[in-house]
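Each chain, written out:
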Amino acid sequence: MKIAFRVDASLQIGSGHVMRCLTLAEELKTKGAEVVFVCRAHLGNLCILIKEKGYRVICLPSLGEGQLASIQGAGMYVGWLGVPWRTDAEQTLASLIDSDCRYDWLIVDHYAIDYRWEGLLRPSADKIMVIDDLADRRHDCDLLLDQNSYADFEQRYLGLVPEFCQKLLGPSYALLRSEFNEVRENLRERDGSVKKIMIFFGGTDPTDETSKALDALALLKRPDISVDVVVGQGNPHITEIKEICNRIPQVRFFCQVDNMAELLANADLSLGAGGATSLERLSVGVPSLIVAVAHNQEALSRDLGEMGLAIYMGRSSEVDSELIRNHLERVLADPGILLGLQKSGMKIVNEVGTKSVADVVVN
């Protein structure tokens, strides 16, 4: 079976789309699939990381960052492609046809791609799968995955996909790496007290929420609480953050880790972004304070807060160090809050989600 992924990472897009596609690719590879990635060479791309994972990468050329604003199309994410959608579709199609084989599946994970792009790519693959969590545009696909926990997730794609499209909706299909399954089997019992906090605001963290969180912890004046800070290799503030961490005795700094599940499981509380990593935190039962660092995270973050699965502090533009400190003081004073979040979270995430999705693709 031959499978192609069309997905991008950049300073604007972040790393989450590529990381979840890599998770699915790993599971598909164990089932005998040959996998290739098609990615555009944006600033902050993860093409080297994908190659290091053992996959062939077809790198599409990127326009300069200053040219993105002039690209026209539907939706607020149109500039994320780096070129007009038709140009991207034609280049992707040419790159796949030049591979001298027909693919069984083309898997697309991109907010700037819709039914028009997918329709033009039909000649390249027998079937098309879309990974999405916006439900804001039409798709021409045979399979759609939205792994997130929205209050109305079962109704979100009505009228947006063909009648024949199979939909995999909700956190029971969460694309979690195998390390999370292993950690779940040996989770310790938390009592609501906080001895260790983990900070991770995504692979790029363009608004530097990490520094805000570190400033909040300084205001908190709790040297008895240890802190693990994780950043991605594409974080533009990595040097400054590392310098801050080195000045604080109880803080450890990590970059582009492979043991995220272990770090989360060892934490009593997490501060992070309201994106795909929310499912990782829920899967190992770590309570979290979350910030929406991008527009596409706002609805999910709000719903997680309303469902009692996280504490939503607001959009990044609304959150400062003082607000984070206030939230920290509240949960530290009431262990029952964190216990409630922990128990609610683990119930909704299925540890076999990645395998379930791969089984549908392969079968």
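Note that this is a predicted model, so its numbers are computed, not measured.

### Quick word on the sheet that holds strand S11 (residues 269–273)
Pairing is parallel in the open sheet, where six strands are placed in the order S10-S9-S8-S11-S12-S13. Only two strands of the sheet have a single neighbouring strand rather than two, namely strand S10 (251–255) and strand S13 (311–315). The sheet shows a mean angle of 15° between the axes of neighbouring strands, taken without regard to direction. Two elements, strand S12 (residues 288–292) and S13, share four bridges in a ladder whose sense is parallel. Pairing of Ala292 across the sheet is with Arg315, part of S13. Sitting on the sheet, helix H11 (residues 321–333) is in contact with strand S8 (196–200), S11, S12 and S13, with an inclination near 175° to S13.

### A few points about the side chain of Thr92
Secondary-structure assignment places Thr92 in helix H3 (residues 85–97). Apart from residues no more than four positions distant in its own chain, Thr92 is found in contact with Arg6, Val38, Leu60, Trp117 and Leu121.

### Quick word on the nonpolar core
The biggest cluster of nonpolar side chains holds 33 residues, and the ones touching the most others in it are Leu96, Leu106, Trp117, Leu121, Cys141 and Leu144. Of all elements in the fold, only strand S2 (34–40), strand S3 (56–60), H3, strand S4 (103–109) and strand S5 (125–131) reach the threshold of two or more residues within this core. The leading source of residues in this core is H3, at four residues. Not counting the four nearest positions on each side in its chain, Leu96 is found in contact with Ala4, Val38, Ile58, Cys101, Tyr103, Leu106, Leu121 and Ser124.

### So, the environment of Phe201
Mapping Phe201 onto the fold places it in the loop between S8 and helix H6 (209–220). With 49 residues separating them in the primary sequence, Phe201 and Asp152 have C-alpha atoms 26 Å apart. Leave out the neighbours within four places in its chain, and Phe201 touches Glu209, Thr210, Ala213, Leu271, Gly272, Ala273, Val291 and Val293.

Scoring rules and cut-offs
Residues numbered from 1 in each chain as written. Predicted model: local features only at pLDDT ≥ 70, side-chain atom pairs only at ≥ 80, totals over all residues. Heavy atoms only, no water. Pairing = 2+ DSSP bridges. Helix = DSSP H or I, 4+ residues; strand = E, 2+ residues; numbered from the N terminus. Axes fitted to C-alpha atoms, helices over the stretch in contact; angles between N-to-C directions. Contact = heavy atoms within 4.5 Å. Core = buried A, V, L, I, M, F, W, Y, C linked by side-chain atoms within 4.5 Å. Buried < 20%, exposed > 50% of the residue type's maximum accessible area, 1.4 Å probe, protein only.

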